[in-house]
Amino acid sequence: LDILHLGDSLRRLSHALHPAILEYGGLPAALRSLCSEFSGLRVSLSSTNENEVKQLPLDAALCLYRVAQEALRNVVKHAGVNEADVSLASDGDSVTLIVQDRGTAEEVRSNESGGLGLVSMRERVKQQGGVFSFEKPLEGGTRLIASIPHTSPAALAASTGDTTY
């Protein structure tokens, strides 16, 4: 019984580290799956230009997946609401992820402050040559925006065989 429990725990951990759906189904499918996993949180997901989004290199897609994962955890932990909106879009040059809630959290007041989760998200996006912002709209809540170019530094390195970033 303990071995079965351990095997199940390892399978869940391995899925959390690198979900297979991301590699085989693409970022839109992985985000749909992620959004459905948050019990007690209704997540509305919109996605446009999915074929372009699917062209995003795996490491860049994983980056946006992790940002969405952390952002939704923050909504659950800090926002004081039971719903969030996630949108994913490509404009041909970059893929942009937006996670927004209408909560009342006051933990983060500016782009330059925040906890380890925000620092981690910002660094992940930066490593992909992207842009990260965290906003407190006048209408309330929070809005996180992460945009990664289709030709991220990691993708360019992979195409040339260079493994250093």
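Cut-offs used in this document
- Residues numbered from 1 in each chain as written.
- Predicted model: local features only at pLDDT ≥ 70, side-chain atom pairs only at ≥ 80, totals over all residues.
- Heavy atoms only, no water.
- Pairing = 2+ DSSP bridges.
- Helix = DSSP H or I, 4+ residues; strand = E, 2+ residues; numbered from the N terminus.
- Axes fitted to C-alpha atoms, helices over the stretch in contact; angles between N-to-C directions.
- Contact = heavy atoms within 4.5 Å.
- Salt bridge = Lys/Arg side-chain N within 4 Å of Asp/Glu carboxyl O.

This part is about the sheet that holds strand 2 (residues 83-90). The sheet built from five strands is open, its strands ordered 1-2-3-5-4 with mixed pairing. Whereas interior strands pair on both sides, the edge strands pair on one side only; in this sheet they are strand 1 (42-47) and strand 4 (131-135). Across the sheet, the mean angle from the axis of one strand to that of its neighbour is 10 degrees, orientation sign disregarded. Looking at chain direction, strand 4 and strand 5 (residues 142-149) are connected through five bridges and run antiparallel. Across the sheet, residue Phe-132 finds its bridge partner in strand 5, namely Ala-146. Sitting on the sheet, helix 5 (residues 58-79) touches strand 1, strand 2, strand 3 (94-101), strand 4 and strand 5, and the angle it makes with strand 3 is about 10 degrees.

Moving on: the pattern of salt bridges. Evaluation of the coordinates by the stated rule reveals six salt bridges. Where Arg-143 meets Glu-135, a salt bridge forms, and the shortest distance between an N and an O atom there is 2.9 Å. For Arg-143, the salt bridge goes to Glu-139, with nearest N and O atoms at 3.3 Å. Members of the salt-bridge network, linked through shared partners, are Glu-135, Glu-139 and Arg-143.

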